[in-house]
Number of protein chains: 2
Amino acid sequence: MPGDIVRPSPMYKQLADRLAEAIAEGEYEPGSVLPSETQLMERYSVSRPTVRSAIAELRSMGLVESQHGKGSFVRAHGLPAAVIERTITRSGKSFALGWPAEEVELPAVTRGEAAGIAATLLDRSDEAVFITDRLLADPTTGARAAHRTLIPFAVAEEIPSLAKHPDAEPVDIYAELAAAGHTLTWTETVTARTALPDERADLNLTDGIPILITYRVTASADGRPLILEELRVSADRARLTFRISTE
Amino acid sequence: MPGDIVRPSPMYKQLADRLAEAIAEGEYEPGSVLPSETQLMERYSVSRPTVRSAIAELRSMGLVESQHGKGSFVRAHGLPAAVIERTITRSGKSFALGWPAEEVELPAVTRGEAAGIAATLLDRSDEAVFITDRLLADPTTGARAAHRTLIPFAVAEEIPSLAKHPDAEPVDIYAELAAAGHTLTWTETVTARTALPDERADLNLTDGIPILITYRVTASADGRPLILEELRVSADRARLTFRISTE
DNA sequence: TATCATTTGTTCGTATGTATC
DNA sequence: CGATACATACGAACAAATGAT
């Protein structure tokens, strides 16, 4: 419908759009500081709350990062540095992952029940599972990742070594499963969402940066899921790569 | 250091955390409405701006969605419905993708230069490329995706049919490349970020929902990148799956 | 070291507009 | 129409971090 009468968009959004455009065009370069709130008030003849709302928009878009007492700085953008290679390599009976991350804390093992997404992907509702949590870090870039392993009790009963050491490294668990006669297949599901407060702390996240989440299901040849791994990482610090082959 | 003296966190954050916790524990169920701003003001003895800041936090976390004149509603969360299967299948000389999406608009072809991330992944800086943009939709869920193909001029010169029809479907481009004698390999890189304003409109995004971005590089056997595809999709509506095989 | 100006962060109050029922 | 709800915008005051004097 051409000629529609539209309300003007709010002033704070207009200001946010202008600043975003200026950033995109390189008028404010990455690392440089935006004009102060007082300067923006005067330059655009708006109140301080309006300026602050506009900058809040830019923050939530991940375009700027504000520092108390200093100013709001334009964020550098580009492909995240840390590359998490999701390919699994196998030589004989042993497996290897492409991301040689270090453990920041000792693994923590708890028992719980598969629920929500985990239950859906494991195809086991309300079943008891071993949960192992790890906090990992890429030694070169410092990128952090939260890793979780879910082992259903039924699987642990079938393979006692898993019940004994549910906090074994994923590659070792693969080896145990293979040794128990399973022909392993993997499916990985990737999604993203905004971080919750506790995740912000664990993963060193800044405002406006989502987390990438991958769920890796290790299944037997018949497609029955055996274990589930979940990896959460800052989308700003790390990216995931997959090698794809035709089937 | 136990017993550290810490500044109390801001009231609006405390309130946001409490509400977020209440949502996580199911006190406010998905689809239900939060108490009104006035009610929250009275219940927690804070001012209206404080309540609004708290709700803005919840919005940016993707936990609630506010509707003018009605209230703030708890968002349903879980695994996104639309599954985008990134596997490539091959039968003889023809290829197929796992996501039979429909085109919402006709593909738009432009010419440009590889820059930024695209240049990095294509390993060709400032080289002229054909750019083809598509707006796709999953027919069953309605999830939308923005797809872009980058074909370097150098590759198009080598294979004239590509220069003639740079807007060919990806699977057809694969077939052309294979017919020209290339043994194709694919690498996919996944990242995520908060959407820019124009992306919000194209992809029907709501506040606090990031976009998933995948870059698929089609390379020759020697590893030289031939073409680049970029797919952007709402992390709330769609998820990506990969099949992983040991090498 | 101490102080001060600058800058962002938090919190209040108030008024008005606009969508929904 | 009116009541309720969220959205926008202004003003004011003080707190806290920073960097220079």
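1. Focus: the pairing of strand 13 (residues 238-244) of chain A
Looking along a regular strand, one sees side chains alternate from face to face of the sheet.
Okay, so step 1: Within strand 13 of chain A, 6 of the 7 residues are buried, which leaves it mostly tucked inside the rest of the structure.
Okay, so step 2: Here strand 3 (residues 82-85) of chain A pairs with strand 13 of chain A via 4 bridges, running parallel. Bridging from a neighbouring strand, Glu85(A) pairs with Thr241(A) of strand 13 of chain A.
Okay, so step 3: When strand 13 of chain A meets strand 10 (residues 185-193) of chain B, the two strands line up antiparallel, connected through 5 bridges. Within strand 10 of chain B, the residue paired with Leu240(A) across the bridge is Val190(B).

2. Points about the interface of chain B and chain A
Okay, so step 1: The interface of chain B with chain A comprises 40 residues on the first partner and 40 residues on the second.
Okay, so step 2: A combined buried area of about 3,500 Å² lies between chain B and chain A, and 63% of that area is made up of carbon and sulfur atoms.
Okay, so step 3: Between the two partners, chain B and chain A, sit 0 salt bridges.
Okay, so step 4: Linking chain B with chain A are 10 residue pairs in polar contact (both at pLDDT 80 or more).

3. So, the protein's contact with DNA strand C
Okay, so step 1: Around DNA strand C sit 22 residues in total, of which Glu37(A), Met11(B), Tyr12(B), Ser47(B) and Thr50(B) are the nearest.
Okay, so step 2: For DNA strand C, the fraction of protein-proximal atoms (within 4 Å) that sit in sugar or phosphate groups is 75%.
Okay, so step 3: Contact between DNA strand C and Glu37(A): a phosphate oxygen at 2.9 Å from a main-chain N or O atom of the residue.
Okay, so step 4: Residue Lys70(B) places a side-chain N or O atom 3.4 Å away from a phosphate oxygen belonging to DNA strand C.
Okay, so step 5: Those elements that place two or more of their residues in the surface near DNA strand C are helix 3 (48-60), strand 1 (64-67) and strand 2 (71-74) of chain A together with helix 1 (11-24) and helix 3 (48-60) of chain B.
Okay, so step 6: Counted by class, the surface near DNA strand C contains 4 nonpolar, 11 polar and 7 charged residues.

4. Focus: the packing of helix 2 (residues 37-44) of chain B against helix 3 of chain B
In helix packing, the relevant descriptors are the interaxial angle and the interaxial distance, both defined with respect to the helix axes.
Residue and element names in this part refer to chain B.
Okay, so step 1: At their nearest, the axes of helix 2 and helix 3 sit 9 Å apart, and the two run at 110° to each other. On the basis of the axis angle, helix 2 is roughly perpendicular to helix 3. Seen from above, helix 2 lies across helix 3 with right-handed handedness. Seen from helix 2, the contacting residues are Glu 37, Leu 40 and Met 41; seen from helix 3, they are Arg 48, Val 51, Arg 52 and Ile 55.

5. Focus: the domain arrangement of chain A
Okay, so step 1: Each domain of chain A was delimited in the assignment, giving domain 1 (11-74) and domain 2 (82-241).
Okay, so step 2: Distance between the C-alpha centres of domain 1 of chain A and domain 2 of chain A: 39 Å.

6. Observations regarding the pairing of strand 12 (residues 225-234) of chain A
Residue and element names in this part refer to chain A.
Okay, so step 1: A large share of strand 12 lies buried, amounting to 10 of its 10 residues.
Okay, so step 2: Sheet analysis places strand 9 (residues 144-152) next to strand 12, joined by 6 bridges and oriented antiparallel. By the bridge assignment, Arg 148 is partnered in strand 12 with Glu 230.
Okay, so step 3: Turn length for the strand 11 (residues 211-219)-strand 12 hairpin, with the two strands adjacent in sequence and antiparallel, is 5 residues, and the turn residue Gly 223 shows positive phi of about 90°.

7. Regarding the pattern of salt bridges
Residue and element names in this part refer to chain B.
Okay, so step 1: Overall, the coordinates contain 28 salt bridges over all chains when judged by the stated rule.
Okay, so step 2: We note a salt bridge from Arg 86 to Glu 188, for which the minimum N-O separation is 2.5 Å. With a gap of 102 residues between them, Arg 86 in the loop between strand 3 (82-85) and strand 4 (88-91) and Glu 188 in strand 10 connect regions that are remote in the sequence. Both residues of the pair, Arg 86 and Glu 188, belong to the buried class.

8. Focus: the packing of aromatic side chains
Okay, so step 1: Applying the stated criterion across every chain, the model contains 9 aromatic pairs over all chains.
Okay, so step 2: With 5.8 Å between their ring centres and 85° between their planes, Phe95(A) and Tyr174(A) make a pair best called edge-to-face. Here Phe95(A), found in strand 5 (residues 94-97), pairs with Tyr174(A), found in helix 7 (residues 170-179); they are 79 residues apart in sequence, far enough to count as distant.
Okay, so step 3: Exposure remark for Phe95(A): the relative accessible area of 8% places this residue in the buried category.
Okay, so step 4: Note on Phe242(A) and Phe242(B): the rings are 3.8 Å apart at their centroids and 5° apart in plane angle, and the pair reads as stacked. Of this pair, Phe242(A) sits in strand 13 while Phe242(B) is found in strand 13 (residues 238-244), placing the two residues in two different chains.
Okay, so step 5: Take Phe242(A): its relative accessible area is 2%, and that puts it in the buried class.
Okay, so step 6: Taken together, Phe95(A), Tyr174(A) and Trp186(A) form an aromatic cluster joined through their ring pairs.

9. A look at the protein's contact with DNA strand D
Okay, so step 1: Near DNA strand D lie 23 residues; those nearest to it are Met11(A), Ser47(A), Thr50(A), His68(A) and Glu37(B).
Okay, so step 2: The sugar-phosphate share of atoms of DNA strand D within 4 Å of the protein amounts to 75%.
Okay, so step 3: At 2.9 Å from a base nitrogen of DNA strand D is found a side-chain nitrogen or oxygen belonging to His68(A).
Okay, so step 4: Contact distances for DNA strand D include 3.3 Å between a phosphate oxygen and a side-chain N or O atom of Lys70(A).
Okay, so step 5: Put simply, the parts of the chain that give the surface near DNA strand D at least two residues each are helix 1 (11-24) and helix 3 of chain A together with helix 3, strand 1 (64-67) and strand 2 (71-74) of chain B.

About the thresholds
- As a convention, each chain's residues are numbered from 1 in the sequence order in which they are written.
- Following the order in which they are written, the chains are lettered starting with A and the ligands numbered starting with 1.
- Only residues with pLDDT of at least 70 get local features here, since the model is predicted, and only at 80 or more are side-chain atom pairs given and counted; chain-wide, interface and lining totals rely on the full set of residues.
- As a rule here, side-chain values cover all heavy atoms of the structure and leave hydrogens and water aside.
- For the exposure calls, accessible area comes from a 1.4 Å probe over protein chains only, and a residue counts as buried if that area is under 20% of its type's maximum, exposed if over 50%, partly exposed in between.
- A run of H or I in DSSP becomes a helix once it reaches four residues, and a run of E becomes a strand once it reaches two; helices and strands are each numbered from the N terminus.
- Should DSSP find at least two bridges between two strands, the strands are taken to pair.
- Note on definitions: a residue-residue contact is assigned when non-hydrogen atoms from the two residues lie within 4.5 Å.
- Joining two parts hides part of their accessible area as seen by a 1.4 Å probe, and the buried area is that hidden amount summed over both.
- Salt bridges, as used here, are contacts in which a Lys or Arg side-chain nitrogen is within 4 Å of a carboxyl oxygen on Asp or Glu.
- Contacts described as polar in this section are N or O atom pairs within 3.5 Å, which, within protein, must combine one atom able to donate a hydrogen with one able to accept it, while residues neighboring in sequence count only if both atoms come from side chains.
- Here a residue is considered near a molecule or strand provided that any single heavy atom belonging to it is located within 4 Å of it.
- Residue classes follow a fixed rule: Ala, Val, Leu, Ile, Met, Phe, Trp, Tyr, Cys and Pro count as nonpolar, while Asp, Glu, Lys and Arg count as charged, and any other residue, Gly among them, counts as polar.
- To obtain an axis, a line is fitted to C-alpha atoms, over the contacting stretch when the element is a helix, and the angle between two such axes runs from 0 to 180 degrees between their N-to-C directions.
- Any angle between 65 and 115 degrees counts as roughly perpendicular, while under 35 counts as roughly parallel, over 145 as roughly antiparallel, and the rest as oblique.
- Crossing handedness follows the turn of the near helix against the far one: under a right angle anticlockwise gives a left-handed crossing, and clockwise gives a right-handed one.
- Residue ranges assigned to the domains are those given by an automatic or database domain assignment.
- Pairing of aromatic rings covers Phe, Tyr and the six-membered ring of Trp, with a centre-to-centre limit of 6.5 Å; geometry is then stacked below 30 degrees between planes, edge-to-face above 60, and tilted otherwise.

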